[in-house]
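Letter by letter, the chains look like this.
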Amino acid sequence: MVQQALLNILQPIFEPGFHPSSYGYRPGRSCAHAVAKAERFSNKWGLAHAVDMDLSKCFDTLDHGLILAGVGAKVSDGSVLSLVRQILETGFMDEGAYYPAEAGSPQGGVISPLLMNIYLDNFDQYMKSQGIRIVRYADGILIFGYTRSEAGRYRSIAAQYLEEELKLTVNVKKTHLTTIWEGIAYLGFIISRRGARIHPKSVKRFKDKVRKLTPRNSGRNVEHQIRELSMLLRGFANYFRIGQAKRLFRNLMSWIRRRLRMKQMREWKSWKGLHKQLRRMGYKGSFEKISMARWRNASCKLVHMALPNEWFNNLHLYDMERVKTNTLHQYYE
């Protein structure tokens, strides 16, 4: 509550002065705006080379003195600065012993994102003064250049400022140069000449979560799985709808429905359950005795007839195919 009250006071003071290409945890700005800006820099403005800069444990290594100096640049009230200091020095308990925090901002604190933006705004403004185009979402930084050599020079300038002036650590192993032709990975997307598409790693993580929610041998029935699954599908679709995702959403929904059909088949246990469902639906054709344990049978004609897509709609399975996609231009500034 104290942090939220302090945030309500400080945010209107600092928000108007932040760098226009800073998008992390700011009112009216989102990951979609950051991806759209990066895509425009690369495709419309011709900044085809980019530095994907990674900071090691950014939240945990913010210097308290520099944070207070940043807040004090616009706030002179000593009681507010004292309160910020107390929040920063909030430590942690380990086996009954208290350890004060010597660096970083409180993990999970509602004011931590603002303090980080105040801290890194010095970097943002410095890069702006050097005429260097950047896009930053929290500690995710892209630096753009017209040529590879120019981008490499900008990387050196940025790394030197971050490490010497802001006392942060640049992860050299993860920081790398890339191009629009290779694909610029950012915030779960890959930005290329054709726009933004979903990164394969994001798809893999999503599918892993789906597998955990839809095991074949779970004691939960299909209806319960669908309720949990729909929340995941809604979040994934709403986040990645700005990319070229229409075909991917269609393929993912087909795979998800097949997994749910497989789960229902296991609940039937034998072909008799399938035949009962078909008879209830008025099917009068020939019946086949198929295994309820084989993955390939989850896509056969009889199972599709017994469990059509409409059956899933009636159970309120969230359908990503119905989400409007390819709306990146709506986030252009």
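Notes on the structure in this doc start here. Since this is a predicted model, take the numbers as computed values, not measurements.

## Quick look at the packing of aromatic side chains
Inference 1: In the structure shown here, the tally under the stated rule is 12 aromatic pairs.
Inference 2: Judged by centre distance (5.8 Å) and plane angle (45 degrees), the ring pair of Tyr25 and Tyr137 falls under tilted. One end of the pair, Tyr25, is in the loop between α1 (2–14) and α2 (31–43); the other, Tyr137, is in strand β4 (residues 133–137), and 112 residues separate them in sequence.
Inference 3: On the basis of relative accessible area, Tyr25 is assigned to the partly exposed category, the value being 44%.
Inference 4: Aromatic rings pair up to connect Phe189, Phe206, Phe236, Tyr239, Phe240 and Phe249 into one cluster.
Inference 5: In this structure, Arg40 is placed above the aromatic ring of Tyr332, and the distance from its NZ or CZ to the ring centre is 4.6 Å.
Inference 6: Above the plane of the ring of Trp255 lies Lys207, whose end atom (NZ or CZ) is 4.7 Å from the centre.

## Remarks on helix α6 (residues 112–129)
Inference 1: With 18 residues, α6 ought to run about 26 Å at 1.5 Å a step, and its terminal C-alpha atoms sit 26 Å apart, in line with that.
Inference 2: The largest bend in α6 amounts to roughly 35 degrees and is located at Leu120.
Inference 3: Burial analysis of α6 places 13 of its 18 residues in the buried class, the great majority of the element.
Inference 4: Immediately downstream of α6, the backbone of Gly131 shows phi near 75 degrees, a positive value.

## Concerning the side chain of His275
Inference 1: Mapped onto the fold, His275 is located in helix α11 (residues 271–280).
Inference 2: Taking relative accessible area as the criterion, His275 reaches 5% and is therefore assigned buried.
Inference 3: With sequence-adjacent residues up to four places away left out, His275 is seen in contact with Phe287 and Glu288.

What counts and how
Residues numbered from 1 in each chain as written. Predicted model: local features only at pLDDT ≥ 70, side-chain atom pairs only at ≥ 80, totals over all residues. Heavy atoms only, no water. Phe/Tyr/Trp six-rings, centres within 6.5 Å; stacked < 30°, edge-to-face > 60°. Helix = DSSP H or I, 4+ residues; strand = E, 2+ residues; numbered from the N terminus. Buried < 20%, exposed > 50% of the residue type's maximum accessible area, 1.4 Å probe, protein only. Lys NZ or Arg CZ within 6 Å of the ring centre and 35° of its normal. Expected span 1.5 Å × (residues − 1). Bend = angle between axes of the 7 residues up to and from the residue. Contact = heavy atoms within 4.5 Å.

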